[in-house]
Structure formats: C-alpha cells, structure tokens
Amino acid sequence: MKATAIAHPNFALIKYWGKADRTLNIPATGSISVTVDRLLTKTEVSFDNALDQDIVTLDGNQLDPKEAARVVAFMDLVRKMSGCRWFARVNSINNFPADAGLASSASAFAALALAASNAAGLKMKPGELSALARRGSGSAARSIFGGYVEMHAGTSPNGLDAIANPIAEASSWPLVILIAVTSSDVKRINSTDGMNMTAKTSPFFNSWITSTQKDLENMRAGIGARDLARVGELMEHSCLKMHGLMLSARPGLIYWNDGTLQVIETIRRLRRQRQNAYFTVDAGPQVKVICEPDHLLRVKEALSRLSGVSRIIETMPGPAARLLED
Ligand code: PMV
C-alpha cells in the first residue's frame, strides 16, 4: 500500500488556456509541451488504516486542511477508482527552489497520480494515468510522458480521451532550455481562476480556441522536422496570443513584470545577431528560453546581465514520470 514516483515539470510550446469541463478538468484545446530534465517532484504515498485523514507534507512542512484540499480531493478520486478506503500519508518534495516561482502543479500531480494509483493497487496504462493526472492539473497530464508531448482535448464527455501522448523522444532533439527567474512572488491569480475568468469575459476567447487548432498542426510538423526557427516562431506566437487573451479578460490578467520584458527584448536582440533563441512565458513572470546547445553561452551571458533576472536555471528535454523501487 505504498509507492514512490518521480515526475518532471513541462513547459508548453503551444499553450492551453480554458477548460471545456471544469469538474472533469477537460481542456478547451489541445496543447504541445516539452518535459524537462533536472527539475523534479518526488512523491511517496502510503495508505494506512490507522489514519483518520490524509496527511500531506510538502518539502518537509505539513499542509493545513485548506492547503491540502486539492491533494485530498485527488486522493478521494483514487480511493473511488480503487475501492481502497484508507487514508494516506503523502510526502512530496521538489528539487527546485520553492522561491523560483515555477509552476510545480504539472510535476506534482503527475508524480501523485503514479504513486497513489500504484499504492492503491491500480495498474494503469500511461494514457489512463495521463487522464488521472489531468484531474489534478491540466498540464500534469503531459508530465506523465517524457520529451515532446501532445495533449488532446478529446471528444468524449467523460474525458477518457482527454489525454497526452509522446510525439518525439527527448534524446531525439536535445535543445537547451533556460529558465530566467524574474520574481519569486507567489502568483496572484491561479491558472484555473484565470482561465475561467478569461473564458467568461474575453471577447477573443472563441478565436483563441479556433486558431489554436492550426498552431497544433504546425507545431507537430515543426517538431517532426526538428526545425527550431519554425518551432520557436510558433511557440512565441502561442505565448503572446495567450497573454493577449489574458489581457483582454475583465479585469485584465497581467502576469509579467519588468524582468519578463527585459528577457523578451534581449532574446529578440540576440536573434537579430543570429543567435537562435526563442522565449515563452506561462501564468507567471518567469521566461523560458529555448536554444540550440551551440548558442547557450552567449544567450546565458546576455540574460545574466539583466537587472530583472535573479537566477538562471539550465535544463533540457527530460524523461517520463516513473516509479522508484523501494
Ligand atoms: O493546468 P494548469 O493549471 O497547470 O495550467 C497551465 C497553464 C499554462 O501553463 C499557462 C499553459 C500550459 O499549457 O501549460
């Protein structure tokens, strides 16, 4: 009744922003991402019939009931699927600094889905695990897989086909991914609330949904051809379109800070100097930069000189979520 799993975060090349079904957490569009190496969440789940509630610990600190609510709701789902009635100890650690301001829900719920399902005796296939992880966080469905991954919005009302699948192995295109940390503040509006408010209030929401279909096709083709210029241009387009959409919500959602803009300007300047680097930004102010290994030193040096950048984390495409043997 015990299992431990490791999962890595992923960054979206084509973003999703909006839900088709809030209860089942089905995304309104597909998305394409890359799972990264080095950064990871390790989660141990042990069911224990002596417990009268789930005990959730994150980086050594026990969460209070309000903070633990999302994890407890996820554990209830696993209990329902497996028939297990026991509560569990859930211990989770991230190896990346908590103050790096990086979204950890993707690696967190991918590791939790794998560890909790195994501890409860469920033997799930990768696609089923992806659907389970999605219930915790939409982006977690992608972190079940390594390398370049596509998430499908699916058509089934029960969400069984709203799952991810790998489209290219990490080792088949070893790009460099830099994370420029521009703030360690906790984000003010979480992604679920931000998405729901955008869907409700933005006049551009329908165009976002329809135009994303073409972006997904083009990104699939760009990754298939290992064409960084094409992938990078599309990645920036999807990112800027998502932030334009966020700005058009009422009230407008602004996740950027000065440092975010400094990094974007620097990447555009480097490109004018023939350095092939491209940026993307999620629901926070950090910027992720993708480049070829040959350009790493120049790009890293330019970013490290910016007053708005406090730290640079270097990573690359990484592996799928996996179980650890006890
Ligand atoms: O599923 P969530 O709550 O992790 O939301 C992810 C939202 C973005 O990171 C902004 C986009 C994406 O596709 O990852």
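J.: Can you help me understand the packing of aromatic side chains in this one?
T.: Aromatic ring pairs: the centre-centre distance and the angle between the two ring planes describe each pair. Enumeration over the complete set of coordinates arrives at 3 aromatic pairs. Relative to F109, the ring of F74 lies with its centre 5.5 Å away and its plane at 55°, an arrangement referred to as tilted. Of the two residues, F74 sits in helix α1 (residues 65-82) while F109 sits in helix α2 (residues 105-119), which places them 35 residues apart along the sequence. Each member of the pair, F74 as well as F109, is classed as buried.

J.: Whenever I open this one, the sheet that holds strand β11 (residues 164-168) confuses me. Can you help?
T.: Two orientations exist for strands paired in a sheet by backbone hydrogen bonds: parallel and antiparallel. Across the sheet, which stays open at both edges, the 4 strands sit in the order β2-β5-β10-β11 with antiparallel pairing between neighbours. The sheet terminates laterally at β2 (10-14) and β11, the two strands that pair on one side only. Along the sheet, successive strands turn relative to each other by an average axial angle of 35°, direction set aside. Bridge analysis of strand β10 (residues 148-151) against β11 gives 4 bridges, and the strand direction is antiparallel. Across the sheet, Y148 pairs through a bridge with A168, a residue of β11. The strands that helix α6 (residues 205-224) touches are β2, β5 (31-35), β10 and β11; relative to β2, the one it contacts most, it runs at about 110°.

J.: Sorry if this is basic, but what is going on with the pairing of strand β7 (residues 55-58) here?
T.: Consecutive residues of a regular strand have side chains that alternate between opposite faces of the sheet. The pairing of β7 with strand β9 (residues 87-94) spans 4 bridges and is parallel. When the sheet's bridge partners are listed, T57 is paired in β9 with N91. Strand direction decides the pairing type here: β7 and strand β8 (residues 61-62), joined by 2 bridges, are antiparallel. The residue of β8 that forms the bridge with L58 is N61. Following β7, the chain reverses through 2 residues before pairing antiparallel with β8; D59 in that reversal takes a positive phi of roughly 50°.

J.: Looking at this structure, how should I read the packing of α2 against helix α3 (residues 126-136)?
T.: A packed helix pair is summarised by two numbers, namely the angle formed by the two axes and the spacing between the axes. Between α2 and α3, the shortest axis-to-axis distance is 8 Å and the interhelical angle comes to 125°. On the basis of their axis angle, the class for α2 and α3 is oblique. In the crossing of α2 with α3, the sense of the turn from one axis to the other is right-handed. Facing α2, whose interface residues are F109, A110, A113, L114 and S117, α3 presents L129, L132, A133 and G136. Among the residues making up the contact of α2 with α3, the classes are represented as 7 nonpolar, 2 polar and no charged.

J.: Teacher, can you tell me more about the site of the ligand here?
T.: In the vicinity of the ligand there are 14 residues, among which Y16, G138, S139, R142 and S191 approach most closely. Take S137: an N or O atom from its side chain is 3.3 Å from an oxygen atom of the ligand. Here an oxygen atom of the ligand and a side-chain polar atom of R142 are 2.7 Å apart. For the ligand, the accessible surface in isolation is 380 Å², of which the surrounding protein chains cover 92%. Along the lines of polarity and charge, the residues of the shell around the ligand split into 6 nonpolar, 5 polar and 3 charged.

J.: What's the story with the nonpolar core in this structure? I'm lost.
T.: Grouped burial of nonpolar side chains is what soluble globular proteins tend to show. By size, the foremost hydrophobic cluster in this structure holds 42 residues, and its most contacted members are V45, F47, M75, V78 and L112. Elements with a minimum of two residues in this core: β1 (2-7), β6 (41-48), α1, β9, α2, α3, α4 (140-143) and β10. With 9 residues, the single largest contributor to this core is α2. Excluding residues within four positions of it along the chain, V45 makes contact with M1, K2, A3, M75, A88, R89, V90, L112, A115, A116 and A119. Of all hydrophobic cores here, the second largest spans 26 residues; its members include I14, F96, I179 and V181.

Rules of the game
Residues numbered from 1 in each chain as written. Predicted model: local features only at pLDDT ≥ 70, side-chain atom pairs only at ≥ 80, totals over all residues. Heavy atoms only, no water. Phe/Tyr/Trp six-rings, centres within 6.5 Å; stacked < 30°, edge-to-face > 60°. Helix = DSSP H or I, 4+ residues; strand = E, 2+ residues; numbered from the N terminus. Buried < 20%, exposed > 50% of the residue type's maximum accessible area, 1.4 Å probe, protein only. Pairing = 2+ DSSP bridges. Axes fitted to C-alpha atoms, helices over the stretch in contact; angles between N-to-C directions. Contact = heavy atoms within 4.5 Å. Parallel < 35°, antiparallel > 145°, perpendicular 65-115°, else oblique. Left-handed = near helix turned anticlockwise from the far one by under 90°. Nonpolar A, V, L, I, M, F, W, Y, C, P; charged D, E, K, R; others polar. Near = heavy atom within 4 Å. Polar contact = N/O pair within 3.5 Å; in protein donor to acceptor, adjacent residues only side chain to side chain. Areas by Shrake-Rupley, 256 points an atom, 1.4 Å probe, with all protein chains shown as cover. Core = buried A, V, L, I, M, F, W, Y, C linked by side-chain atoms within 4.5 Å.

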